[in-house]
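# Coordinate analysis (summary)
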Amino acid sequence: MAAPATLPISNPQSESQPPIATPAFRAFLSRLNATVRHGFSQRRPWLELLDRSSFSRPDSLAEAASRIRKNFSYFRINYISLLALSLAFSLLSHPFSLIVLSSLLAAWLFLYSFRPSDQPVVVAGRTFSDREVLGILVVSTIVVVFLTSVGSLLISALLVGLAVVCTHGAFRMPEDLFLDEQEPINSGFLSFLGGAASSAAAAAAPAVATRV
């Protein structure tokens, strides 16, 4: 007598999770959210930034550079917000560039950084190795940033934002700012971006390390 056929039973825990549901991606979102919240908690009041009584023309380029350096340290989160607004306005006014950049970022996140190592990339029946996926992403990034209008759009938006920030920093008198209570000037402006980048790298490191 033949034995009854055994029905295959799938174990949900043994199945690989999609990249968006992996613990690494959830940790990335959690750390990014914590970093952004911490950064915005250091934001200065916008009324203080726009206090008209604190503006005057600098007497020399050296004084203008000194003002910019001190104001960068004190208003760094506000300045980063202005740069982000400049980028956002440029991208929203060019929907095609926004879609291209969003697609490129999603490809990096879900095809490489947070993709489980047991889930290969398969396109049209062909399986791509991790090195091939990385190479395609790098080439695609170079093409998008340097060989299309997206790169010039980003550069122009950053230049406009930097022009606004430097103009404000040069004409805003920092004498009434309590700089002694702040971080050292040399480590101020990019500390927020550095924290966000380090958090993202720490969250993505376990997924990337399995491919090395």
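Residues numbered from 1 in each chain as written. Predicted model: local features only at pLDDT ≥ 70, side-chain atom pairs only at ≥ 80, totals over all residues. Heavy atoms only, no water.

## So, the packing of aromatic side chains
- Within this structure, the stated rule accounts for four aromatic pairs.
- With a centroid separation of 4.9 Å and 85 degrees between ring planes, the pair formed by Tyr 74 and Phe 75 is classed as edge-to-face.
- Overall, the relative accessible area of 7% leaves Tyr 74 in the buried class.
- Here Trp 108 and Tyr 112 contribute two aromatic rings whose centre-to-centre distance is 6.2 Å and whose plane-to-plane angle is 85 degrees, an arrangement assigned as edge-to-face. One end of the pair, Trp 108, and the other, Tyr 112, are both in helix H5 (residues 95-113), four residues apart, so they sit about a helical turn from each other.
- Accessibility expressed as a relative area gives 12% for Tyr 112, which makes it buried.
- Grouped by ring-pair contacts, the aromatic residues Phe 72, Tyr 74, Phe 75 and Tyr 79 constitute a single cluster.
- One Lys or Arg, Arg 126, reaches over the ring of Phe 128 and ends 4.5 Å from the middle of that ring. (Phe/Tyr/Trp six-rings, centres within 6.5 Å; stacked < 30°, edge-to-face > 60°. Buried < 20%, exposed > 50% of the residue type's maximum accessible area, 1.4 Å probe, protein only. Helix = DSSP H or I, 4+ residues; strand = E, 2+ residues; numbered from the N terminus. Lys NZ or Arg CZ within 6 Å of the ring centre and 35° of its normal.)

## Structural notes on the packing of H5 against helix H7 (residues 149-171)
- Packing of H5 against H7 brings their axes to within 10 Å, and their N-to-C directions diverge by 100 degrees. Here H5 is positioned roughly perpendicular relative to H7, judged by the angle of their axes. For the pair H5 and H7, the contacting residues are Ser 97, Val 100 and Leu 101 in the first and Ser 149, Val 150, Leu 153 and Leu 154 in the second.
- Partitioning the contact of H5 with H7 into residue classes produces five nonpolar, two polar and no charged. (Axes fitted to C-alpha atoms, helices over the stretch in contact; angles between N-to-C directions. Parallel < 35°, antiparallel > 145°, perpendicular 65-115°, else oblique. Contact = heavy atoms within 4.5 Å. Nonpolar A, V, L, I, M, F, W, Y, C, P; charged D, E, K, R; others polar.)

## What about the UniProt feature "transmembrane region" (unreviewed entry) in the chain?
- Here the UniProt feature "transmembrane region" (unreviewed entry) sits at residues 74-92, 98-114, 134-165 and 185-209.
- Within the segment residues 134-165, helix and strand shares are 94% and 0% respectively, and the terminal C-alpha atoms sit 36 Å apart. (UniProt positions renumbered as here; feature names shortened; annotations may be inferred.)

## Concerning helix H4 (residues 76-92)
- With 17 residues, H4 should reach 24 Å at 1.5 Å per residue; the first-to-last C-alpha distance of 24 Å fits that figure.
- Inspection of H4 places Arg 76, Ile 77, Asn 78, Tyr 79, Ile 80, Ser 81, Leu 83, Ser 86, Ser 90 and Leu 91 among the buried residues, and these make up the whole buried set. (Expected span 1.5 Å × (residues − 1).)

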